[in-house]
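# Remarks on the overall topology
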Amino acid sequence: STNLTINSGTSVLNCTADGALLKSNSSGNYTFNDVNFTSTVKGTIAGSAHFHDVHFHGDGEISSSNSFHDLNFTAGHNYTISGYSEITILGSLNATGTCTAMINISPEVGYLASIISALPINVSYVRMRSVVASGGGTFTATHSMDLCCNTGWTFIPPPVKNLYWVGNTGNWNDGNHWSLTSGGAPAGCPPVETDNVIFDANSFTIPGQSVIMNAVGYCRNMNWTGATNVPTF
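Each residue is numbered by its place in its chain's sequence as written, counting from 1. The predicted origin of the model limits local features to residues at a pLDDT of at least 70 and limits the giving and counting of side-chain atom pairs to 80 or more, whereas totals for whole chains, interfaces and linings rest on all residues. Hydrogen atoms and water are omitted, and side-chain values are computed over all heavy atoms in the structure.

## Brief notes about the overall build of the protein chain
A helix here means a DSSP run of H or I that spans at least four residues, while a strand means a run of E at least two residues long, and both kinds are numbered starting from the N terminus. Each helix and strand counted, the protein chain has zero helices and 23 strands in total. Referenced to the eigenvectors of the C-alpha coordinate spread, the extents of the protein chain come out at roughly 75 × 35 × 30 Å. A simple rule labels every residue: compare its accessible area, found with a 1.4 Å probe on the protein chains alone, to the largest value its type can have, and call it buried under 20%, exposed over 50%, or partly exposed in between. Taken across its 233 residues, the protein chain has 42% of its residues classed as buried. Here, two residues are considered to be in contact whenever any of their heavy atoms come within 4.5 Å of each other. For the protein chain, the share of sequence-separated contacts (at least 6 apart) that also reach a separation of at least 24 residues comes to 37%. Note on areas: Shrake-Rupley, 1.4 Å probe, and residue coverage restricted to the protein chains presented here. Of the roughly 11,000 Å² that the protein chain leaves accessible, carbon and sulfur atoms contribute 52%. One way to put it: in the protein chain the 6 positive side-chain charges average out to a point 7 Å from where the 13 negative ones average out. Counting rule for charge: Lys and Arg are taken as positive, Asp and Glu as negative, and neither His nor the chain ends is counted. Positions of charges follow a simple convention, taking NZ of Lys, CZ of Arg, CG of Asp or CD of Glu.

Below, the structure written as structure tokens:
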């Protein structure tokens with residue numbers, strides 16, 4: 001960083017490699033404009049700097065304190081903010097998942113991360129752990145899970161509901177195998193931590209069927225007492 005000046009202007013920096021690393025040794029003195037981590041695998045920001053807009057298209061890691069105008073996360077991916085790093089948001093934190101592709105935000109195990117904003121921050125369909133919110137703005141997480149140790153956030157979890165397995169063999173995270181009624185039409189969303197899951201006489205219509213735990217699965221209570229045809233879990 002000695003004798004180096006960055007004039008980012010209105011530039012766009014695209015980091016295209018899997019595992020791309022953007023590292024600054026300037027202790028926050030550099031200002032970048034827009035940065036895109038276009039890989040669907042992972043991108044990392046290391047070292048402190050100022051950014052206009054940053055967009056992670058895959059998993060992401062921010063391993064030091066940085067400021068952003070807009071910080072954008074993508075549905076279905078995992079984001080790590082290194083322990084005791086402070087992320088300052090001057091505009092928006094765009095973290096909008098879906099019921100089939102929630103966003104996970106957490107620091108390294110055993111640490112806390114901070115998000116600072118004077119403006120309102122609204123995220124949805126997020127699983128969050130150990131993130132401290134401050135700065136005067138309101139922080140709201142709708143359809144989201146407060147896994148542990150978050151402060152400064154208002155969590156609005158999904159309503160508690162019963163989900164019935166339908167359609168014989170299938171993958172746990174396939175929303176087409178979960179219905180709001182026994183033997184009913186698919187609801188389109190796999191269960192989350194607040195849902196009760198039920199396997200009954202309408203779940204398996206022929207022998208030799210399986211529920212395949214193909215991903216990390218969640219539920220509140222699980223009931224197999226009504227299941228017929230000797231299915232396999």
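From this point, things continue past the structure.
## Some details on the state of the cysteines
Throughout, a disulfide means two cysteine sulfur atoms within 2.5 Å of one another. Counting across every chain of the model gives two disulfides. A sulfur-sulfur separation of 1.9 Å characterises the disulfide bridge that pairs Cys 99 with Cys 189. Looking down the S-S bond of the Cys 99 and Cys 189 bridge, the torsion is -70°, so its handedness is left-handed. One end of the pair, Cys 99, is in the loop between strand S9 (86-95) and strand S10 (103-106); the other, Cys 189, is in the loop between strand S20 (178-179) and strand S21 (196-198), and 90 residues separate them in sequence. The exposure class of Cys 99 is partly exposed, given its relative accessible area of 22%. The class of Cys 189 is partly exposed, set by a relative accessible area of 22%.

## Considerations on the pairing of strand S14 (residues 131-134)
Side chains of S14 alternate between two faces, with Val 131 and Ala 133 buried and Val 132 and Ser 134 left unburied. When DSSP locates at least two bridges between a pair of strands, those strands are taken to pair. Relative to S14, strand S11 (residues 113-117) runs parallel, the two sharing four bridges. Bridging from a neighbouring strand, Ile 116 pairs with Ser 134 of S14.

## Points about the side chain of Asn 66
Tracing the backbone shows Asn 66 in strand S7 (residues 66-73). For Asn 66, a relative accessible area of 4% corresponds to the buried category. A polar side-chain atom of Asn 66 sits 3.4 Å from the main-chain carbonyl oxygen of Gly 47. Distance and chemistry together define a polar contact, namely a pair of N or O atoms within 3.5 Å, with one atom able to donate a hydrogen and the other to accept it when in protein, and with adjacent residues in sequence counting only for side-chain atoms on both sides. Within the local environment of Asn 66, its side chain forms a polar contact with the backbone nitrogen of Ala 49, the two atoms lying 2.8 Å apart. Once you skip the residues sitting within four places of it in the chain, Asn 66 turns out to touch Ile 45, Gly 47, Ser 48, Ala 49, Phe 51, Glu 86, Ile 87 and Thr 88.

## Here's the deal with the sheet that holds S21
Pairing is mixed in the open sheet, where four strands are placed in the order S20-S18-S21-S23. Taken across any chain shown, the strands that pair with only one partner, and hence form the sheet edges, are S20 and strand S23 (221-223). Strand direction decides the pairing type here: S21 and S23, joined by three bridges, are parallel. Each bridged residue has a counterpart across the sheet, and for Asn 196 the counterpart in S23 is Asn 221.

## What to know about the pattern of salt bridges
Throughout this description, the term salt bridge denotes a Lys or Arg side-chain nitrogen within 4 Å of a carboxyl oxygen of Asp or Glu. Scanning the entire structure with this criterion turns up three salt bridges. With a shortest N-O distance of 2.8 Å, Glu 193 and Arg 127 are connected by a salt bridge. Of this pair, Glu 193 sits in the loop between S20 and S21 while Arg 127 sits in strand S13 (residues 126-129), and the two are 66 residues apart along the sequence. A relative accessible area of 21% places Glu 193 in the partly exposed class. When the shortest N-O distance is used, the salt bridge between Lys 161 and Asp 195 registers 3.1 Å. With Lys 161 in the loop between strand S17 (153-156) and strand S18 (162-165) and Asp 195 in the loop between S20 and S21, this pair connects stretches of sequence that are 34 residues apart. On the basis of relative accessible area, Asp 195 is assigned to the buried category, the value being 1%.

## Details of the packing of aromatic side chains
Stacked, tilted and edge-to-face pairs are distinguished by plane angle, under 30 degrees for stacked and over 60 for edge-to-face with tilted covering the rest, among Phe, Tyr and Trp rings (Trp via its six-membered ring) whose centres lie within 6.5 Å. A full pass over the atoms with the stated rule returns 18 aromatic pairs. For the pair Phe 139 and Trp 153, a centre-to-centre distance of 5.2 Å together with 70° between the ring planes defines the contact as edge-to-face. Here Phe 139, found in strand S15 (residues 139-142), pairs with Trp 153, found in strand S17; they are 14 residues apart in sequence, far enough to count as distant. Ring geometry for Trp 172 against Trp 178: centres 5.1 Å apart, planes inclined by 75°, an arrangement best described as edge-to-face. With respect to burial, Trp 172 and Trp 178 carry one shared label: buried. These aromatic residues form a ring-pair network of at least three members: Trp 165, Trp 172, Trp 178, Phe 199, Phe 204, Trp 224 and Phe 233.

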